[in-house]
Amino acid sequence: MFLLQLVFPKWRMLVDSLLLFHIFEIVSGQIRYSVPEEMKRGSLIGNVAQDLGLDIKRLLSGRARIVTGENLQYTELKTDKGILIVNQRIDREQLCGEVTPCSFSFEIILENPVELHHITIEVLDVNDHPPLFKKSQIMLEISESANLGARFVLDSAEDPDVGTNGLQNYVLSSNDNFILKQHLNPDGSKYAEMILQKQLDREKIPSLSLKLIAVDGGNPQRSGTVNINIFVLDANDNAPVFNQSVYKATVVENAAKGTSIITVNATDDDSGANGYIAYSISNTKSNTADLLSIDPASGTLFVAGAIDFEKDKKIELRIDARDQGGLSDSSKVVIDVIDVNDNAPVINVMSFTSPVSEDSRIGTTIGIINIKDLDSGDNGQVLCQVEPNAPFKVKSSLRNYYTLVTDTTLDRESVPEYNITVVARDAGIPPLSTKMTFHLKVSDVNDNAPVFSLAVYNAFITENNSPGASILGVKARDSDENQNARVSYILVDSNLDEAPLSNFISINADSGTIHALRSFDYEQIKELVFTVKAQDGGSPPLSSNVSVKLLIQDQNDNPPQVLYPVQTGGSMVAEMVPRSADVGYLVTKVVAVDVDSGQNAWLSYKLQKATDRALFEVGLQNGEIRTIRQVSDKDAVKQRLSVIVEDNGQPSRSATVIVNVAVADSFPEVLSEFTDFAHDKEYNDNLTFYLVLALAVVSFLFITCLVVIISVKIYRWRQSRILYHSSLPVIPYYPPRYSDTLGTGTLQHVYNYEVCRTTDSRKSDCKFGRAASQNVLIMDPSSTGTMQRIQSEKSILDEPDSPLEVS
């Protein structure tokens, strides 16, 4: 049956409770069990859960485990049953030696919250060892002259068992000369002496053979035997005598071999060989004989092995002094071992948590460690701390137990992992220390929004682009990791000319590449300003915005448009130049615009064809048609100019305008010329048409063409009669604010016109233009007798919307 004792000293409970309440609120308890040694593995020791008042679920959730700090695990905790069992064979003699009572201790630790329970196991001795003598025989030489009552110390037997199971008694085989007397050492061990009670006679009995039996008190009883062989010598009347019954000395642990400890001294009153004394160590434990040696002649005790304070704090042994005649005396030597700081602290990790979240509060526990130092006194006092410049510190919760906690706020983006070095240093001189490094990773939380590489993005795209063309890529980075750093790009929708922005552009959510969904026209849209949002994949997600400005670049996709002179299909406009015009006379001005921009809208004017190239020139930049020589009477009345207008794009685009100029001093002078010109042109055109058609078809088709020609003639004659009776003037169109290629912006000249037309009698007077006026002759080719003259004073630049003045 096992012995169960619950030990809760009131004073210790009070101190531990107050300490733990203010530090970590750790629950502490103590249990003591008693078990016999040599129990089989798996044998039940006790019900820990019941004895500590703990629930099985608490043992499982708290990850209950045994902490010993030793290599051997004699016990095992079954957390699912709450019981303590034997994990391996317990040998009391190996565990404690002669120390009694024998026990070992360990802690049961639980987490969340931390609980620490002290368990003490007392190992009870069983009689599993018999008393044993180190030697199989004891050899004694005793002089026949030995006095009655002479004492002869015998070798002691050793029994590892303790208590009643240990050595209890010595028994000497029956004989006539000696009796046995037992003695008790200060440490409780027994030794025996033979006392001479009858004088020896070497001539009668030269030798004796006896048996010494050592008996323990176990049940069943065990014993050990050694043979005592006694050789009787000639007379040696005096035995050696020590000058001290007990010698005391000290030795420092780890002393070098050969170090002198103490010198014992014994004297013998005999002379000669009978007075020569030899010293020897006797009646010692097995391990002591390996640690010490003695000089037989001088009696000096030396260090022979490694002396360890942690194993033997005190060494006791007996020294024999024996003369040549076989007489001897013994004395006791007690040696105190002095501790030195030869053991560094030992760090044992109870628990360690990694990774830890970067948003953990200050003071979060990340590990529990246990530190022990086998030295004593100041050499065993330990100071534990974390190496500087680390955001962690250690706190002491219980004796030899420390918790590793955070000391500042963690930031994974700054430091994603730490190597925490814990230093345990004792108070010895010189101090010894131990370091242990913990590798701690910091887990990420979504605490950083994506950040764009630029504050504002500017992009350019040429108009008439292909739909789906890539414009640019925006890029945002998130200093978080994994899902928290996965950035998605979203187009913040808005309206452009009352149409959703998503009709014009799109963005790739993963890459941030912006694409055009349609072809842009610079003349309609010159720029787009929109917002792109970058959003991470955290929960909740974080985002940031950036402004993107998309500029449409112009292409030379529009030819110049001629605003003046107006090209009409029904009537012919002619500019009149008097024959008295000087060199540089301004005939008219070609006005054109280009809806493109930049150099694509820079216009230049060139004279492509002319009836007389030596008479007129066109201003390259302003489009003004001027005379380059004096007009003569030999110059033809009808002058036809072809002016080409080109822009500065690559490649350039152009437009052509026909300008008719009449060289005459009066309108009647040119009336017949322009009428014939119109009829001749019409006739030649029709003739060409007829000839081509006649060559292509047969005579039947030729007759059909004649019918069509006659019908056309009749139709035109009727139209001419209608116009002949009409009183409406033909007025040219003047667009407002013409663009000037020289950058002046609009046509800056003022043109004055007078309108004259014939009446039904064709006898209307012609009014000539006033000084600094321009004369325009408008002829209808289908009206042979009608001439219209328009005079208008108007500033095209200043009054674009006022009606033309007609007289």
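How each quantity is defined
- Residues numbered from 1 in each chain as written.
- Predicted model: local features only at pLDDT ≥ 70, side-chain atom pairs only at ≥ 80, totals over all residues.
- Heavy atoms only, no water.
- Helix = DSSP H or I, 4+ residues; strand = E, 2+ residues; numbered from the N terminus.
- Buried < 20%, exposed > 50% of the residue type's maximum accessible area, 1.4 Å probe, protein only.
- Contact = heavy atoms within 4.5 Å.
- Phe/Tyr/Trp six-rings, centres within 6.5 Å; stacked < 30°, edge-to-face > 60°.
- Core = buried A, V, L, I, M, F, W, Y, C linked by side-chain atoms within 4.5 Å.
- Salt bridge = Lys/Arg side-chain N within 4 Å of Asp/Glu carboxyl O.
- Pairing = 2+ DSSP bridges.
- Axes fitted to C-alpha atoms, helices over the stretch in contact; angles between N-to-C directions.
- Polar contact = N/O pair within 3.5 Å; in protein donor to acceptor, adjacent residues only side chain to side chain.
- Disulfide = S-S within 2.5 Å.
- pLDDT = per-residue confidence, 0-100.

### So, the overall build of the chain
Secondary structure assignment for the chain yields seven helices and 58 strands. Every one of the 807 residues in the chain was classed for burial, and the buried ones make up 43%. Sequence-distant contacts, at least 24 apart, represent 68% of the contacts inside the chain between residues at least 6 apart.

### Digging into unusual backbone geometry
Residue P540 is bonded to the preceding S539 through a cis peptide linkage, with omega at 0°. Along the chain, P540 turns up in the loop between β44 (527–535) and β45 (543–553). The backbone of N254 shows a phi angle near 65°, a positive value even though the residue is not glycine. Position of N254 relative to the elements: it lies in the loop between β19 (246–252) and β20 (260–263). Judged by its relative accessible area of 43%, N254 is partly exposed.

### A word on the packing of aromatic side chains
Taken as a whole and assessed by the stated rule, the structure comprises nine aromatic pairs. Relative to F104, the ring of Y74 lies with its centre 5.3 Å away and its plane at 45°, an arrangement referred to as tilted. Of this pair, Y74 sits in the loop between β4 (65–67) and β5 (75–78) while F104 sits in strand β7 (residues 102–110), and the two are 30 residues apart along the sequence. For the pair shown, Y74 and F104 are each scored as buried. With a centroid separation of 6.3 Å and an interplanar angle of 80°, the aromatic rings of F452 and Y457 are classed as edge-to-face.

### Some thoughts on the nonpolar core
Judged by nonpolar contacts, the single largest core of 30 residues is most densely connected at I514, L528, F530 and V532. Those elements that place two or more of their residues in this core are β36 (456–462), β37 (470–473), β39 (488–492), β42 (505–507), β43 (513–516), β44 and β45. Contacts of L528, omitting those with residues within four sequence positions, involve L496, L501, F504, F520, V548, K549, L550 and I552. With 26 residues, the next largest nonpolar core counts V35, M39, L52 and I66 among its residues.

### Concerning the pattern of salt bridges
For the structure shown, the criterion picks out 21 salt bridges. Its salt-bridge partner being D407, residue K393 comes within 3.7 Å of it at the nearest N-O pair. One end of the pair, K393, is in strand β31 (residues 392–398); the other, D407, is in the loop between β32 (401–406) and β33 (417–426), with 14 residues separating them in the sequence. The partly exposed category is assigned to K393, whose relative accessible area is 34%. Taking relative accessible area as the criterion, D407 reaches 33% and is therefore assigned partly exposed. When the shortest N-O distance is used, the salt bridge between E413 and R412 registers 3.2 Å. You can call E413 partly exposed: its relative accessible area is 23%. Assessed through its relative accessible area of 9%, R412 is described here as buried.

### Points about the pairing of strand β34 (residues 433–443)
Bridge count between strand β28 (residues 356–357) and β34: two bridges; the pairing is parallel. For V356, the partnering residue across the bridge sits in β34 and is V442. As judged from the nine bridges shared by β33 and β34, these two strands associate in the antiparallel manner. Considered in β34, the bridge of R425 is made with S433. Between β33 and the antiparallel strand that follows it, β34, lie six residues.

### Digging into the sheet that holds β20
Pairing is antiparallel across the open sheet formed by three strands, whose spatial order is β20-β24-β23. This sheet does not close on itself; its edge strands, each paired only once, are β20 and β23 (292–294). Each strand axis lies, on average, 25° off the axis of its neighbour in the sheet, ignoring direction. As defined by bridge partners, β20 adjoins strand β24 (residues 300–303) across three bridges and the pair is classed as antiparallel.

### Some thoughts on the environment of E37
Looking at where E37 falls in the secondary structure, it is placed in the loop between β2 (27–36) and β3 (44–47). Sequence separation between E37 and I90 is 53 residues; the distance between their C-alpha atoms is 5.4 Å. Once residues lying within four places of it in the same chain are set aside, the contact partners of E37 are I90, D91, R92, E93, V123, L124, D125, V126, D128 and D161. A distance of 2.8 Å separates a polar side-chain atom of E37 from the backbone nitrogen of R92.

### Structural notes on the environment of R613
Tracing the sequence through the fold places R613 in the loop between β50 (604–610) and β51 (616–618). Along the backbone, R613 and Q639 are 26 residues apart, and their C-alpha atoms lie at a distance of 9.9 Å. Apart from residues lying up to four places away in sequence, R613 is in contact with L607, Q608 and I628.

### With respect to the state of the cysteines
By definition, a disulfide links the sulfur atoms of two cysteines through a covalent bond. Evaluated as defined, the whole model comprises one disulfide. Disulfide partner of C96: C102, at an S-S distance of 1.8 Å. Handedness of the C96-C102 disulfide follows from its S-S torsion of about 70°: it is right-handed. C96 gets classed as buried once you look at its relative accessible area, which sits at 16%.

### Some details on the sheet that holds strand β27 (residues 346–352)
Read from one edge to the other, the open sheet built from four strands follows the order β27-β29-β32-β31, with strand pairing classed as antiparallel. Of all the strands in the sheet, just β27 and β31 have a single pairing partner and so form its edges. Taken pair by pair, the neighbouring strands of this sheet meet at an average axis angle of 30°, ignoring direction. Relative to strand β29 (residues 365–372), β27 runs antiparallel, the two being bridged by six bridges. The partner of S351 across the bridge, within β29, is I368.

### Side note on the confidence of the model for the chain
Averaged over every residue, the pLDDT of the chain is 78; residues scoring 70 or more account for 80%. Note on residues 1–27: pLDDT under 50 across the span, and 46 contacts to partners over four residues away in sequence or across chains. This stretch, residues 724–807, has a pLDDT under 50; its non-local contacts, to residues over four places away or in other chains, come to 194 contacts.

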